[in-house]
Protein chains: 2
Amino acid sequence: MGKGEETKQAIVDQALELASTVGLEKLTIGTLAGATGMSKSGLFAHFRSKEQLQLQVLVQARQRFIDIVIAPALKKPRGEARLRAIFETSVKQWEEDLPGGCIFHAVSAELDDRPGPARDYLVDTQRDFADTLRRAAEIAIEEGEFRKGLDLDQFVFELGAITAGYHHSGRLLGDPDAEQRARDMFEGLLARSH
Amino acid sequence: MGKGEETKQAIVDQALELASTVGLEKLTIGTLAGATGMSKSGLFAHFRSKEQLQLQVLVQARQRFIDIVIAPALKKPRGEARLRAIFETSVKQWEEDLPGGCIFHAVSAELDDRPGPARDYLVDTQRDFADTLRRAAEIAIEEGEFRKGLDLDQFVFELGAITAGYHHSGRLLGDPDAEQRARDMFEGLLARSH
DNA sequence: CTGATAATAGAACGAACGTTCGTATCGTCA
DNA sequence: TGACGATACGAACGTTCGTTCTATTATCAG
């Protein structure tokens, strides 16, 4: 990896941390330059537009999510154990990996009414993740862990609701019990799926 | 109501609509002035700071939520029927009252890492609403509709997760089935509470 | 009707933003 | 090591933002 790619990685890593708290739009190029010890113009040259920078942040976030949450879960046994692994690392490692918590939840309200490449990429990321969850649940049915006839889309919706609620309660309201409540809710969902 | 209060109301009403889609920060005074047919300075004089304007938007949102969701529900019978009314109007009327959906969900990610009066007011609003839900569920226990020993805080958490998930799926992902999925999830929660 | 007061407009401000440009410095490989 | 492209910098641009100031118009009680 040449020098260019190296610093570009460092920039995007730093940008990811900032964006998780202040959002993609308020992540300013000047602030980011200060945080990385670079000049505005020197940093800007790596992206050529702020839109590109925002997109790279999401690309990096997706990759990091795969590394932290998805990849380890794929080493677990198929089915329910894999779903448990995804949920558990989502709550424990992923939500605490960045200072603002899960960046997808942090920026989704910001992007949901602003069309563009960033929004498209976020939607694609979320859809892809939803597919992964649906497939994992499907496997759990095949393995006999989940009952036949389980509504997979409803299962995925409820799983998404748990994490959305967890992010909301934990971040805005600062509920210290949010993690355990999300876990209990998840266990309830699994029990109902058997 | 004097002329001043009258136009101020009209301004905040318009601001509420814009803020539900673009957020509190990107709701710009120039844009708002254009939308209301006023000059920037003429509009600004009503608030004296943007922070005050943002706060008034949240105050108005809270009042409107009470008018649309809470007040009608209080006319329903105590207990489960009242909880049903709150949920149903939250999903049907409230989420469609503003172009960007529930403004509290729309701005919570924006405010959760930005301390200040706006954040404080939003948190207070959410806590107050959570108390209302908790009290309604408590009544349902007293009436014998919900089982004794039901974890009220967990109930409120799960209810919040349902609406958070609904907003997320409906807004960002544009899932047309989100409303029905949220309803099904709610019915499941009620059934488990009996 | 009239005068005090409130409400609005217009112009301008300083600051912050994304972006451009010319120049200097650094990394890399012949 | 020398040279050339890649990388970074400083200064400046045009815009947009919230905010202020001053002048003008509308409102409403006496």
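As shown above, the structure is provided for reference.
Since this is a predicted model, take the numbers as computed values, not measurements.

Q: Any details on the packing of aromatic side chains? Residues and values, ideally.
A: Counted by the stated rule, this structure contains 12 aromatic pairs over all chains. Ring centres 6.0 Å apart and planes at 85 degrees place the aromatic pair Phe65(A) and Phe104(A) in the edge-to-face group. Within this pair, whereas Phe65(A) is found in helix α4 (residues 50–74), its partner Phe104(A) is found in helix α6 (residues 103–111), the two being separated by 39 residues in sequence. Pair check on accessibility: Phe65(A) and Phe104(A) agree, each one buried. A centroid spacing of 5.9 Å and a plane angle of 25 degrees characterise the contact between Trp94(B) and Phe104(B), whose relative ring orientation is stacked. Of this pair, Trp94(B) sits in helix α5 (residues 80–97) while Phe104(B) sits in helix α6 (residues 103–111), and the two are 10 residues apart along the sequence.

Q: Let's hear about the protein's contact with DNA strand D: which residues, and what values?
A: As a matter of local geometry, DNA strand D sits amid 18 residues, with Ser39(A), Ser41(A), His46(A), Thr28(B) and Lys50(B) nearest to it. Take the atoms of DNA strand D that sit within 4 Å of the protein: sugar and phosphate atoms are 67% of them. In this structure, a phosphate oxygen belonging to DNA strand D sits 2.3 Å away from a side-chain N or O atom of His46(A). The residue inventory of the surface near DNA strand D, partitioned by class, reads 4 nonpolar, 10 polar and 4 charged.

Q: I'd like a description of the relation of the copies chain B and chain A, backed by residues and values.
A: The two copies are related by a screw motion: chain B maps onto chain A through a turn of 180 degrees and a shift of 0.0 Å along the axis, at an RMSD of 0.0 Å. Between the two chains, the operation in question is that of a two-fold axis. Relative to the rotation axis, the C-alpha of Ala161(B) is the closest in chain B, positioned 2.6 Å from it. Comparing interface residues between copies, 100% of those in chain B also lie at the interface in chain A; the contact surface is shared.

Q: Give a detailed account of the protein's contact with DNA strand C, specifying residues and quantitative values.
A: Contacts to DNA strand C come from 17 residues, most closely from Thr28(A), Lys50(A), Ser39(B), Ser41(B) and His46(B). At 3.3 Å, a side-chain N or O of Lys40(A) approaches a base nitrogen of DNA strand C. For DNA strand C, a phosphate oxygen lies 2.3 Å from a polar atom in the side chain of His46(B). Contributions of two or more residues to the surface near DNA strand C are made by α3 (40–44) of chain A together with α1 (3–22) and α3 (40–44) of chain B.

Q: Pulling in residues and values, what's your account of the interface of chain B and chain A?
A: Tallying the contact residues gives 38 residues for chain B and 38 residues for chain A. Summed over both sides, the interface between chain B and chain A buries roughly 3,200 Å², with carbon and sulfur atoms accounting for 59% of that surface. When the buried surface of chain B facing chain A is broken down by residue, Phe157(B), Leu172(B) and Arg181(B) rank first, second and third, together holding 23% of it. Joining chain B to chain A, the criterion identifies 6 salt bridges. Its salt-bridge partner being Asp151(A), residue Arg181(B) comes within 3.6 Å of it at the nearest N-O pair. Summed over the shared surface of chain B and chain A, the result is 8 residue pairs in polar contact (both at pLDDT 80 or more). Elements with a minimum of two residues in the side of chain B that touches chain A: α1, α6, α7 (117–142), α8 (152–171) and α9 (178–193) of chain B. For the side of chain B that touches chain A, the element with the highest residue contribution is α8(B), accounting for 13 residues. Of the residues in the side of chain B that touches chain A, the class split is 14 nonpolar, 11 polar and 13 charged.

Each value, and the rule that gives it
- Residues numbered from 1 in each chain as written.
- Chains lettered and ligands numbered in written order.
- Predicted model: local features only at pLDDT ≥ 70, side-chain atom pairs only at ≥ 80, totals over all residues.
- Heavy atoms only, no water.
- Phe/Tyr/Trp six-rings, centres within 6.5 Å; stacked < 30°, edge-to-face > 60°.
- Helix = DSSP H or I, 4+ residues; strand = E, 2+ residues; numbered from the N terminus.
- Buried < 20%, exposed > 50% of the residue type's maximum accessible area, 1.4 Å probe, protein only.
- Near = heavy atom within 4 Å.
- Polar contact = N/O pair within 3.5 Å; in protein donor to acceptor, adjacent residues only side chain to side chain.
- Nonpolar A, V, L, I, M, F, W, Y, C, P; charged D, E, K, R; others polar.
- Least-squares fit on C-alpha atoms with pLDDT ≥ 70 in both.
- Contact = heavy atoms within 4.5 Å.
- Buried area = accessible area lost by both parts, 1.4 Å probe.
- Salt bridge = Lys/Arg side-chain N within 4 Å of Asp/Glu carboxyl O.

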